[in-house]
Amino acid sequence: MTDSLNAVMTPVRTRFAPSPTGFLHVGGARTALFNWLYARKNNGQFVLRIEDTDQVRSTAESAAGILSDLQWLGLNWDFGPVPGAGKNEYFQSTRLDIYNQYLHHLIERGLAYEAYETPQQLAAMRMAAEKAKKPFRYRQNMPGRAAKGEGPCVIRFAMPWEEIQFTDEILGDIRVAGDEHDDIVIRKSDGFPTYHFAVVVDDHLMGITHVLRAQEHLMNTPKHLGLYAALGWVPPRHAHMPLVFNMDNTKMSKRDKAKAARQALQLYARQKNDPAYAALADSLKTDRQAIVDFVAKKNDDTALAALLAAAIGVSLPEIDVQDFRRSGYMADALLNFIALIGWSPGENREILTRAEMLNLFSLESIGKTSGRFDRKKLQWMNGEYIRRSPADSLVLAVRSFCQVKDYPLANADESSLRRILAMYQERMATFGEMAENSRFFFIEPQIDGAAGEKFIVRNQGWRWLAPIHDILSAVAAWDAASLNSAMERIIAMGEKRGEAAQVLRVALAGGAVSPPMLETILLLGRQRTLDRVRRALHQFTPADSSAG
RNA sequence: GCCCUCAUCGUCUAGAGGCCUAGGACACGGGCUUUUCACGCCUGUAACUGGGGUUCGAAUCCCCAUGAGGGCACCA
């Protein structure tokens, strides 16, 4: 079967090809989404391939994590790894024989050759070029090449000398002059292919028709096109998507977490007067030196960053898909938001179901300008998704959320969860926010100092506690109808409407924020409601007052 | 330094020569609703990077400048 025939018979086949060196990044998720959309939109196929040619950095855990994140996002693949089943032929590390076969083919025809520079020699050559203000290009005919045996053997591809031109489906005409090329390494000294070689071989062998990837790969395309030509293959169409950055135009990376944690830690050290982090280290039972090193930027340990941030009560910026999941974002909301960076469905549409996205998606409607990741808008969008979701799917989503992050909410039975969801559906942006704010339903809260001062101590708010207790304890049946009239009386107490209700709120919730009191006391129940009112009464009523 | 790409409100974007006194959304400001917080509703502020062309006419086409980003690994 010829290549052109193959292309005719397979309308569209895209792929997502992550390297398993960490968690799935939101940027990667976006690349996966666009490839998935394009394949599904055209009744094509979507391939998932694991590019584990870096023996040092690739891990099986990372690959497994990427699979599960893609599954959570609902981006299903037609060909690729089988979750939980170990490596198959969609892991590049299992395909060395295949790469070697084509490699020999190239060497035989003089299109690839051995090179023996040591890393030090290469570094020196680059430095010399930099000094001479000339770009460094490794070429087969250049003077001063190392002799056989001087260093480890790599295979380089002899790039053609002509200009390479291609039409990018998003950016249009791209051309790179012949003297810009250099002879890239295609097999490393450990016998593994480099990325450049493995992608070309696999994309061809797997019948990929469209390569949709981030713009950071744009300058790799001429190299790949050189390889396609040398191997006598018809290259796929290429489309390079605009990049996504932080709001401050820096690259979104795991280092952002370390950065945010460091800032919070410095603030903590000043506020708590714990400059050596001794108290913090003690409370965490961690090594004090590790914290000091971390703050001194000696490492970007994200696990430590997360631990420290949790300890001092700050949240780190979400970067990986997992982070968003743990913060309580819905997969569809995240996908919807991510799709809108660089792509516009037109007609002023923003919130789209997957079916609508598929309907409206096209490569032409992808823009050229890089975007910023605006978390505020994501939060708004997630809130919209939550408000629009039927109760049943929310229950499912929250249960899934509780699997990745432990909250007291996780212990809620079905009916309590549904009641809590009903209370919070209109007032939360993320499940994390609900889980945090609804803690007091499960655990008796400590009354927040500032809230206690403001609402109970000041203006003698405590004097409403006894009447509130009287009213509530006199309610015969703890149901909506009876409690509603009781609450009406409580709300009407005092000079300002709601003044006493706020005292009750602080007594029950431990802070100034909660769902409406009626629903709250209904769910809390008589016992816990009255207990907490009494507790506040004892805590806040001054000893010398003639309460009564 | 060299190569490549991009350029509309603070942010994501609509806009493919006259429909633009530039539209939508988030954020922000004001108001209404309200027992807190949200939600909801109403409303306001806010942009075509600059300079040259082309044209009767330019946010839209061309050139230059400027700015931003990406790439220049035995990482992908």
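These lines cover the structure that appears in this document, whether it is placed above or below. Model, not experiment: these values are computed from the prediction.

## So, the side chain of Arg95
Here comes step 1: Inspection of the secondary structure puts Arg95 in the loop between α3 (60-73) and α4 (96-108).
Here comes step 2: A polar side-chain atom of Arg95 sits 3.1 Å from the main-chain carbonyl oxygen of Glu89.
Here comes step 3: Residues contacting Arg95, with those up to four places away along its chain left out, are Glu89, Asp202, Leu205 and Met206.

## Details of helix α11 (residues 302-311)
Here comes step 1: If you check which residues of α11 are buried, you get Leu304, Ala305, Leu308 and Ala309. Along the long axis of α11, the arc covered by the buried residues comes to 130°, so they all point the same way. Of the residues in α11, the exposed ones pointing more than 90 degrees away from the buried face are Ala303 and Ala310.
Here comes step 2: At its buried positions, α11 is contacted by α8 (255-271), α9 (278-284) and α10 (288-295).
Here comes step 3: For α11, the side-chain oxygen to backbone nitrogen distance between the N-cap and Ala303 is 3.0 Å, and the N-cap itself is Asp301.

## Some thoughts on the environment of Leu67
Here comes step 1: With respect to the helices, strands and loops of the structure, Leu67 is situated in helix α3.
Here comes step 2: For the pair Leu67 and Pro83, spaced 16 residues apart in sequence, the C-alpha to C-alpha distance is 6.6 Å.
Here comes step 3: Aside from chain neighbours lying at most four places away, what touches Leu67 is Leu48, Trp77, Pro81 and Pro83.

## A few points about the pairing of strand β4 (residues 154-157)
Here comes step 1: Burial along β4 is two-sided: the residues Val154 and Arg156 and Ile155 and Phe157 are all buried.
Here comes step 2: For strand β3 (residues 112-115) and β4, the ladder comprises four bridges, and the chain directions are antiparallel. The residue bridging Ala112 from the neighbouring strand is Phe157, located in β4.
Here comes step 3: Where β4 and strand β7 (residues 185-187) come together, two bridges link them in antiparallel fashion. By the bridge assignment for β7, Arg156 is matched with Val185.

## Describing the packing of helix α20 (residues 465-473) against helix α23 (residues 517-540)
Packed helix pairs are characterised by how far apart their axes lie and by the angle those axes make with each other.
Here comes step 1: Two elements in contact, α20 and α23, have axes separated by 10 Å at closest approach and are oriented at 145°. For the element pair α20 and α23, the recorded crossing hand is left-handed. In contact with Leu465, Ala466, Ile468, His469, Leu472 and Ser473 of α20, α23 contributes Ile521, Arg526, Thr529, Leu530, Val533, Arg534, Ala536 and Leu537.
Here comes step 2: Tallied by class, residues from the contact of α20 with α23 come to nine nonpolar, three polar and two charged.

## Concerning the sheet that holds β3
Here comes step 1: One open sheet accounts for three strands, arranged β3-β4-β7; its pairing is antiparallel. The sheet terminates laterally at β3 and β7, the two strands that pair on one side only. Across the sheet, the mean angle from the axis of one strand to that of its neighbour is 45°, orientation sign disregarded.

## Remarks on the protein's contact with RNA strand B
Here comes step 1: Around RNA strand B there are 63 residues in total, and Lys188, Gly342, Glu350, Arg372 and Arg427 lie nearest to it.
Here comes step 2: Near-protein atoms of RNA strand B (within 4 Å) split between backbone and bases, with sugar and phosphate holding 74%.
Here comes step 3: A distance of 3.5 Å separates a base nitrogen of RNA strand B from a polar side-chain atom of His196.
Here comes step 4: Glu426 places a main-chain nitrogen or oxygen 2.9 Å from a sugar or linking oxygen of RNA strand B.
Here comes step 5: Residue assignment for the surface near RNA strand B shows that the elements contributing at least two residues are α5 (119-131), β4, β6 (172-176), α6 (195-205), β11 (371-372), α15 (375-388) and α22 (499-509).
Here comes step 6: Top element by residues in the surface near RNA strand B is α15. It accounts for five residues.
Here comes step 7: Residue composition of the surface near RNA strand B, by class: 22 nonpolar, 17 polar and 24 charged.

## Here's the deal with the packing of aromatic side chains
Here comes step 1: Here the structure, examined in full by the defined rule, presents nine aromatic pairs.
Here comes step 2: Note on Tyr102 and Trp233: the rings are 5.1 Å apart at their centroids and 75° apart in plane angle, and the pair reads as edge-to-face. Taken as a pair, Tyr102 in helix α4 and Trp233 in the loop between α7 (221-231) and β9 (237-241) lie far apart in primary sequence, 131 residues in all.
Here comes step 3: Taken together, the aromatic side chains of Phe324, Tyr329, Phe337 and Phe373 make up a single cluster linked through ring pairs.
Here comes step 4: Residue placement shows Arg139 over the ring face of Trp161; its charged tip is 3.8 Å from the ring centre.
Here comes step 5: Directly above the ring of Trp36 sits Arg354, whose terminal nitrogen or CZ lies 5.8 Å from the centroid.

## What about α7?
Here comes step 1: Where burial is concerned, most of α7 is hidden: nine out of the eleven residues are buried.
Here comes step 2: Two residues or fewer after α7 comes Gly232, characterised by a positive phi angle close to 75°.

## Side note on the packing of α6 against α7
Here comes step 1: Running from amino to carboxyl end, α6 crosses α7 at an angle of 55°, the nearest separation of the two axes being 10 Å. When the axis of α6 is compared with that of α7, the two are oblique. You can see that α6 and α7 cross each other, and the crossing is right-handed. Here α6 contributes Tyr195, His196, Phe197, Val199, Val200, Asp203 and His204 to the contact with α7, which in turn contributes Lys223, His224, Leu227, Tyr228 and Leu231.
Here comes step 2: Its residues assigned to classes, the contact of α6 with α7 comprises seven nonpolar, three polar and two charged.

Here is what the cut-offs are and how they apply
Residues numbered from 1 in each chain as written. Chains lettered and ligands numbered in written order. Predicted model: local features only at pLDDT ≥ 70, side-chain atom pairs only at ≥ 80, totals over all residues. Heavy atoms only, no water. Helix = DSSP H or I, 4+ residues; strand = E, 2+ residues; numbered from the N terminus. Polar contact = N/O pair within 3.5 Å; in protein donor to acceptor, adjacent residues only side chain to side chain. Contact = heavy atoms within 4.5 Å. Buried < 20%, exposed > 50% of the residue type's maximum accessible area, 1.4 Å probe, protein only. Arc of directions from axis to C-beta. Pairing = 2+ DSSP bridges. Axes fitted to C-alpha atoms, helices over the stretch in contact; angles between N-to-C directions. Left-handed = near helix turned anticlockwise from the far one by under 90°. Nonpolar A, V, L, I, M, F, W, Y, C, P; charged D, E, K, R; others polar. Near = heavy atom within 4 Å. Phe/Tyr/Trp six-rings, centres within 6.5 Å; stacked < 30°, edge-to-face > 60°. Lys NZ or Arg CZ within 6 Å of the ring centre and 35° of its normal. Parallel < 35°, antiparallel > 145°, perpendicular 65-115°, else oblique.

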